[in-house]
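A look at the structure
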Amino acid sequence: MQIYEGKTAFRGIAEGKIKVYRKDQQQIKREHAENTQEELLRFERAKGEALRQLTGLYEKALKEVGEANAAIFEVHQMMLEDPDYVESITNMIRTQKVNAAYAVASTGDNFSQMFSMMEDDYMRERAADIRDISERLVGILAGRTGSQMELTEPVILVADDLAPSETVQLDKDKVLAFVTVHGSSNSHTAILARTMNIPALFRVDIPLDDTVDGKEGIVDGYHGRIYLEPEPRVREELEARQAEERRKQELLWQLKGKENVTLDGRRIEIYANIGSFGDVAAVLQNDAGGI
């Protein structure tokens, strides 16, 4: 048995097979562009296609995870058309006479590094968004149609990090828990986990290789741990805790939709405490009277 610790994004216990998600590394070569106008045109076409894809992702997310979570793809559209971002790419193509894909990748690296160095947690998390839109553009320029993570069975999903576009395309019924090496409580993965009410850990120093992939695991979101091939004693303890939490949840669901009135007839409003707009979906799902 091995134990890896991290920080909790959403509490709970999940047990099942571990699936390690390894993102394909896109190797971008710097190439001399004889015709810069052609490269600028290729970039504009790729940007138009990226905007079309993001509109589709927004509509999909709107149906599956609600308006608050879908808004990230509107942010991505705004980032994609940001004058500073676009100008950096086009200037590099013109002045350095490089291919569009290299200009996009280089600009994406520079901008994401700039965001990652900011003091504000929320702004630091936007570095992942810049990487996401840049990778989308590079993929379009390379002729890739985009790939969806195929999950054939319910799994504990382990990854370095997950971009918003990757999380929204997941089959939500087949995700038992999220475990990421990077990310934060403000990451899209953490927000989605809270919306889906599934355990999630981040900043877990776990290897992303065959020593983990396909193994049995248990995520303990209460203590910020994932157990790899847990011992019978640990499994029994966590399964008992999981059963107890499930029993409590079922009792709470029986009260959903009923008025909050005490035995002596006094009405009490039960409100929720939230940290960001990403928590609103859980407030609605759990029948809170307000915020």
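In this report, the structure presented in the accompanying data block is examined. Along each chain, residue indices are assigned from 1 in the same order as the chain's sequence is written. Totals for whole chains, interfaces and linings use every residue, but because this is a predicted model, local features are given only for residues with pLDDT of at least 70 and side-chain atom pairs only at 80 or more, for both listing and counting. Side-chain metrics in this entry use all non-hydrogen atoms of the structure; hydrogen atoms and water are not considered.

**Focus: the side chain of arginine 136**
For the record, the criterion: Under the DSSP-based scheme used, a helix requires at least four consecutive residues in state H or I and a strand at least two consecutive residues in state E, with every element numbered from the N terminus. Each residue gets one of three labels from its accessible area relative to the maximum for its type: buried under 20%, exposed over 50%, partly exposed in between, using a 1.4 Å probe on protein chains only. Residues scored as positive are Lys and Arg, those scored as negative are Asp and Glu, and His as well as the terminal groups of each chain are ignored. Note on definitions: salt bridges are taken to be side-chain nitrogens of Lys or Arg within 4 Å of carboxyl oxygens of Asp or Glu. In this description, contact between two residues means that some pair of their heavy atoms is separated by no more than 4.5 Å.
On the secondary structure map, arginine 136 appears in helix H5 (residues 121–141). Buried charge without a partner: arginine 136 forms no salt bridge, and the closest opposite charge is aspartate 132, 4.7 Å away. The contact partners of arginine 136, leaving out residues within four places of it in the chain, are Ala50, Gln53, Leu54, Leu57 and Ser165.

**Let's talk about the pattern of salt bridges**
Applying the stated criterion to the full structure yields 15 salt bridges. Among the salt bridges present, the one from glutamate 153 reaches lysine 17, with a minimum N-O distance of 3.4 Å. In this pair, glutamate 153 is assigned in the loop between H5 and strand E4 (155–159) and lysine 17 in strand E3 (residues 13–21), connecting sequence segments 136 residues apart. Across the pair glutamate 245 and arginine 241 runs a salt bridge whose closest N-O atoms are separated by 3.3 Å. Residue glutamate 245 and its partner arginine 241 are both found in helix H8 (residues 232–253); the two are separated by 4 residues, about one turn of the helix. What emerges from the salt-bridge pattern is a single network uniting Glu231, Arg233 and Glu237.

**Some remarks on unusual backbone geometry**
Non-glycine residue arginine 203 carries a positive phi angle of around 55°. Within the secondary structure layout, arginine 203 lies in the loop between strand E6 (200–202) and strand E7 (216–220). Even without a glycine there, the phi angle at aspartate 287 is positive, about 65°. Relative to the assigned elements, aspartate 287 resides in the segment after helix H9 (280–285). Judged by relative accessible area, aspartate 287 falls into the partly exposed class, the value being 37%.

**A word on the pairing of E3**
What counts here: Strands were regarded as paired on the criterion that DSSP finds at least two bridges between them.
In this sheet, E7 lies alongside E3 in antiparallel orientation, the contact comprising 5 bridges. Residue pairing for E7: isoleucine 13 is matched across the bridge by aspartate 220. Where E3 and E4 come together, 5 bridges link them in parallel fashion. What sits directly across from valine 20, in E4, is valine 158.

**Some thoughts on the packing of helix H1 (residues 36–65) against helix H2 (residues 67–80)**
Our working rule: Here an axis means a line fitted to C-alpha atoms, over the contact stretch when the element is a helix, while the angle between two N-to-C directions is reported on a 0 to 180 degree scale. These descriptions rest on fixed angle ranges, namely under 35 degrees for roughly parallel, over 145 for roughly antiparallel, 65 to 115 for roughly perpendicular, and the rest for oblique. For this classification, the nonpolar set comprises Ala, Val, Leu, Ile, Met, Phe, Trp, Tyr, Cys and Pro, the charged set comprises Asp, Glu, Lys and Arg, and every other residue, Gly included, is treated as polar.
For the pair H1 and H2, the least separation of the axes is 7 Å and the interaxial angle reads 170°. Classified by the angle between their axes, H1 and H2 sit roughly antiparallel to one another. Contact with H1, carried on its side by Lys47, Ala50, Leu51, Leu54, Thr55, Leu57, Tyr58, Ala61, Leu62 and Val65, involves Glu67, Asn69, Ala70, Ala71, Phe73, Glu74, His76, Gln77 and Leu80 of H2 and no other residues of that element. When its residues are assigned to classes, the contact of H1 with H2 shows 12 nonpolar, 4 polar and 3 charged.

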